[in-house]
Protein chains: 2
Amino acid sequence: MLSVVVIGTGNVARQLCLAWQDSDSVEVVQIIGRSIPKEPVFEGHLINLMKDLSHDADCYIIAVSDSSILTVNQHITVFDKLVVHTAGSISIDTLKPHVRRGVFYPLQTFSAGREVDFSTVPVFLETSEDGDKKILQQMADSLSGRSHWLDSDKRRQLHLAAVYLNNFTNHLLFLSGEQCRPLGINPSMLHPLLQETVAKAMALGPYKAQTGPARRGDNAVIQEHMELIEDPMQQEIYKVISQSIQSTYGNELQKHA
Amino acid sequence: MLSVVVIGTGNVARQLCLAWQDSDSVEVVQIIGRSIPKEPVFEGHLINLMKDLSHDADCYIIAVSDSSILTVNQHITVFDKLVVHTAGSISIDTLKPHVRRGVFYPLQTFSAGREVDFSTVPVFLETSEDGDKKILQQMADSLSGRSHWLDSDKRRQLHLAAVYLNNFTNHLLFLSGEQCRPLGINPSMLHPLLQETVAKAMALGPYKAQTGPARRGDNAVIQEHMELIEDPMQQEIYKVISQSIQSTYGNELQKHA
């Protein structure tokens, strides 16, 4: 049984603690947090002072916001144990001067009030010491069937892909919903289209699934849409994504021209 | 029982015919198409010549590509019946000189090989003659529990929202998948993140669901991402969507600055 200390009580920390609650191979022996959320998962566990940090755990997981990792790391005065963070865009070297450094990056969006099924979440692992691979692998295997070794540079690229997928997609959903409101249409009317869009992209792959005016090179409709959009920033979004679609399928469109 | 003629054998026409196959209130009496797809839904029905067009149907549905609607309409020489098209961005007036014009626009993406559950699809209706409202409403009710009356101008706006939601979201999925390939990561590893992104946006609404560097005003990560992106067009996409997110939450970010 691996013993881990979780530092942080935010969404990632909470989901990790929940997922390890019934684990046979990983035990959360301590949770460190500045504030003490009133939640069953934290009960009986939470120590709110870093000075009380256990010195006997196999792994110390820093699950706090990106901007706090450096500060939290400096307060971990246990130097012979494995210290890991959970962030996509932060280098493993941020955990220096610890010698046994690691990263445990679950590729998922975690939010208050939403339970995540960890068994489907890919976890990306990195370690500075080959000897610690076994610990990280056991931690990943205890949660998910899908783990991958990835260095900090590549993880940063992956995080960028996740920003496109999650942050940017979500903003497009926001913009399309806002366009519906003045029409007297509840944005939830778009949900079936959204669900089919995603199901289709996953089934066929987004390259084959692409449709629409930019895909078929229909400049008349593109022009008409550009004139309908009043906000210059949204116009720019429309223009540049349409250009990118046209450039992706450019050779094919020329063939049919 | 309403009798309808479906003109077209593409994805929309096919799904309409499938959905009305077992209907108690709408019967597809004729399907007109240039080519004859070998599919059970078309069997025994398909007439491939416009000159054989029945003169006795209650409604004639033009379900062809946007650019063909005008031409197909000119070939419909039945002038005392209701003629409708199914396109989001085409005006009802395109169906002139027919006096009894209508629009039957299902807000969904239809593709070969994918069955759509019509009962969840919102259908947007328009008619030039109040007397025909009943026919269109009956056609919509026979398929879906969600129909809405919307004029051509508003439908064009709605179609624009659908382009953001479907076409642009799909392209972002494509771009994020392409970013994974050089990392040795199969784009399907992004699927759990995608599914949670969409589930969360639908549950909380995309305004509340927004996360990421642009949302929290983290210019250091934005700058780092911009430097990671090599393609100028993708850089522009990153920049303008991040700006749009920052402008959406601008006042809030200032408050916390």
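Conventions we followed
- What you see as residue numbers is a count from 1 along each chain, following the sequence as written.
- Chains carry letters and ligands carry numbers; both start at the beginning, A for chains and 1 for ligands, and go up in the order they are written.
- Local features in a predicted model are, by the rule used here, given only for residues with pLDDT of at least 70; side-chain atom pairs are given and counted only at 80 or more, and totals for whole chains, interfaces and linings are based on all residues.
- Processing note: side-chain calculations cover all non-hydrogen atoms of the structure and skip hydrogens and water entirely.
- Secondary structure elements are taken from DSSP: a helix is a run of H or I of four residues or more, a strand is a run of E of two residues or more, and numbering for both begins at the N terminus.
- Two things to know: the radius of gyration comes from C-alpha atoms, and the globule rule equals 2.2 Å times the number of residues to the power 0.38.
- Only protein chains enter the area calculation, which uses a 1.4 Å probe; residues under 20% of their type maximum are buried, those over 50% are exposed, and those in between are partly exposed.
- Contacts are assigned to residue pairs with any non-hydrogen atoms lying within 4.5 Å of each other.
- In this charge count, Lys and Arg are treated as positive and Asp and Glu as negative; neither His nor the chain ends contribute.
- To locate a charge, take atom NZ for lysine, CZ for arginine, CG for aspartate or CD for glutamate.
- Least squares is the method used to superpose the copies, on C-alpha atoms of residues holding a pLDDT of at least 70 in both.
- Here's the idea: put two parts together, see how much 1.4 Å probe accessible area each one loses, and the total over both is what we call buried area.
- Put simply, a salt bridge is a Lys or Arg side-chain nitrogen that is within 4 Å of an Asp or Glu carboxyl oxygen.
- Contacts described as polar in this section are N or O atom pairs within 3.5 Å, which, within protein, must combine one atom able to donate a hydrogen with one able to accept it, while residues neighboring in sequence count only if both atoms come from side chains.
- Under the grouping applied here, Gly and all other residues not named as nonpolar or charged are polar, the nonpolar ones being Ala, Val, Leu, Ile, Met, Phe, Trp, Tyr, Cys and Pro and the charged ones Asp, Glu, Lys and Arg.
- Whether a crossover is right-handed depends on one test, that the path from the first strand over the helix to the second runs clockwise when the strands point away from the viewer.
- By this definition, two strands are paired if DSSP reports at least two bridges between them.
- Working convention: axes come from line fits to C-alpha atoms, limited for helices to the stretch in contact. Angles between N-to-C directions cover 0 to 180 degrees.
- Orientation labels follow simple angle bins: below 35 degrees gives roughly parallel, above 145 gives roughly antiparallel, 65 to 115 gives roughly perpendicular, and whatever is left gives oblique.
- The handedness criterion is simple: a crossing whose near helix is rotated anticlockwise from the far helix by less than a right angle is left-handed, and one whose near helix is rotated clockwise is right-handed.
- Buried Ala, Val, Leu, Ile, Met, Phe, Trp, Tyr and Cys residues form a nonpolar core when they are joined through side-chain atoms within 4.5 Å.

## Focus on the overall build of chain A
Moving on, step 1. The number of helices and strands found in chain A is nine helices and eight strands.
Moving on, step 2. Its C-alpha radius of gyration of 23 Å places chain A more than 25% over the 18 Å reference for a compact globule of 257 residues.
Moving on, step 3. If one aligns the C-alpha atoms of chain A with their principal axes, the spans along those axes are about 70 × 40 × 30 Å.
Moving on, step 4. Counting across all 257 residues of chain A, residues that qualify as buried make up 55%.
Moving on, step 5. Across chain A, the fraction of contacts at a sequence separation of at least 24, relative to all contacts at a separation of at least 6, is 55%.
Moving on, step 6. Side-chain charges of chain A comprise 22 positive and 29 negative groups, with the mean position of each set lying 3 Å from the other.

## Structural notes on the relation of the copies chain A and chain B
Moving on, step 1. After a rotation of 180° and a shift along the axis of 0.0 Å, chain A superposes on chain B with an RMSD of 0.0 Å. Both chain copies can therefore be described as sitting about a two-fold axis. Taking C-alpha positions as the reference, the residue of chain A nearest the rotation axis is A:Thr169, at 2.8 Å.
Moving on, step 2. Both copies present the same face, since 100% of the interface residues in chain A are matched by interface residues at the equivalent positions in chain B.

## Notes on the interface of chain A and chain B
Moving on, step 1. Each partner contributes residues to the interface: chain A has 82 residues there, and chain B has 83 residues.
Moving on, step 2. Carbon and sulfur atoms make up 69% of the surface buried where chain A meets chain B, a total of about 8600 Å² over both sides.
Moving on, step 3. Along the contact surface separating chain A from chain B lie six salt bridges.
Moving on, step 4. Linking A:Arg114 and B:Glu196 is a salt bridge whose minimum nitrogen-to-oxygen distance equals 2.7 Å.
Moving on, step 5. Our count for the contact surface shared by chain A and chain B stands at 32 residue pairs in polar contact (both at pLDDT 80 or more).
Moving on, step 6. If you list the elements that add at least two residues to the side of chain A that touches chain B, you get helix H4 (152–180), helix H5 (191–204), helix H6 (206–209), helix H7 (219–228) and helix H8 (232–248) of chain A.
Moving on, step 7. Element by element, the count of residues in the side of chain A that touches chain B is highest for H4(A), at 24 residues.
Moving on, step 8. Considering only residue class, the side of chain A that touches chain B consists of 42 nonpolar, 30 polar and 10 charged.

## Quick notes on the pairing of strand S5 (residues 82–85) of chain B
All names here are of chain B.
Moving on, step 1. Burial of S5 is two-sided: the residues Leu82 and Val84 facing one way and the residues Val83 and His85 facing the other way are all buried.
Moving on, step 2. Remark: the strand S4 (residues 59–62)/helix H2 (residues 69–75)/S5 crossover connection has right-handed handedness.
Moving on, step 3. As paired elements, S5 and strand S6 (residues 101–106) share three bridges and run parallel to each other. Its bridge partner being in S6, Val83 is matched across the sheet by Arg101.

## Side note on the packing of H4(A) against helix H8 (residues 232–248) of chain B
Moving on, step 1. At a closest axis distance of 10 Å, the pairing of H4(A) and H8(B) adopts a crossing angle of 50°. Of the possible angle classes, the one that applies to H4(A) and H8(B) is oblique. Relative to H8(B), the crossing made by H4(A) is left-handed. Contact residues: H4(A) offers A:Leu160, A:Val163, A:Tyr164, A:Asn167, A:Phe168, A:His171, A:Phe174 and A:Leu175, while H8(B) offers B:Gln234, B:Ile237, B:Tyr238, B:Ile241, B:Ser242, B:Ser244, B:Ile245 and B:Thr248.
Moving on, step 2. Looking at side-chain class alone, the contact of H4(A) with H8(B) contains 10 nonpolar, six polar and no charged residues.

## Overview of the sheet that holds strand S6 (residues 101–106) of chain A
Residues and elements named next belong to chain A.
Moving on, step 1. Strand order in the open sheet formed by eight strands is S3-S2-S1-S4-S5-S6-S7-S8, with mixed pairing between adjacent strands. Both outer strands of the open sheet, strand S3 (46–47) and strand S8 (147–149), are each paired with one neighbouring strand and no more.
Moving on, step 2. Along the sheet face, helix H3 (residues 133–143) touches strand S1 (2–7), strand S2 (26–32), strand S4 (59–62), strand S5 (82–85), S6, strand S7 (123–127) and S8 and points at about 170° away from the line of S7.
Moving on, step 3. Sitting on the sheet, H4 touches S5, S6 and S7, and the angle it makes with S6 is about 20°.

## As for the side chain of B:Gln179
Moving on, step 1. Mapping B:Gln179 onto the fold places it in helix H4 (residues 152–180).
Moving on, step 2. For B:Gln179, a relative accessible area of 12% translates into the label buried.
Moving on, step 3. A distance of 3.4 Å separates the side chain of B:Gln179 from the backbone nitrogen of A:Ala161, its partner in a polar contact.
Moving on, step 4. Once residues lying within four places of it in the same chain are set aside, the contact partners of B:Gln179 are A:Leu160, A:Ala161, A:Tyr164 and B:Gln234.

## As for the nonpolar core
For soluble globular proteins, nonpolar side chains are generally found buried alongside one another.
Moving on, step 1. Formed by 40 residues in total, the largest nonpolar core has its most connected members in A:Leu158 and B:Leu158.
Moving on, step 2. Elements with a contribution of two residues or more to this core: S6, H4 and H5 of chain A together with S6, H4 and helix H5 (191–204) of chain B.
Moving on, step 3. Residues in contact with B:Leu158, not counting those within four places in the same chain, are A:Cys180, A:Leu183, A:Ile185, A:Leu190, B:Tyr105, B:Leu107, B:Phe124 and B:Leu150.
Moving on, step 4. The next biggest cluster of nonpolar side chains, apart from the first, holds 34 residues, and it includes B:Val163, B:Leu175, B:Ala214 and B:Tyr249.

## Observations regarding unusual backbone geometry
Both trends apply: most residues other than glycine have a negative phi, and most peptide bonds are in trans.
Moving on, step 1. Here the amide bond leading from A:Lys96 into A:Pro97 is cis, since omega sits at 10°, within 30 degrees of zero.
Moving on, step 2. Here A:Pro97 is to be found in the loop between S5 and S6.

## Some points on the sheet that holds strand S3 (residues 46–47) of chain B
All names here are of chain B.
Moving on, step 1. Spatially, S3-S2-S1-S4-S5-S6-S7-S8 is the arrangement adopted by the eight strands of the open sheet, whose pairing is mixed. Bordering the open sheet on either side are S3 and strand S8 (147–149), each of which pairs with just one other strand.
Moving on, step 2. Here strand S1 (residues 2–7) pairs with S4 via four bridges, running parallel. Paired with Val6 across the strands is Ile61, a residue of S4.
Moving on, step 3. Lying over the sheet, helix H3 (residues 133–143) contacts S1, strand S2 (26–32), S4, S5, S6, strand S7 (123–127) and S8, oriented at roughly 170° with respect to S7.

Geometric values such as these leave the question of function open.
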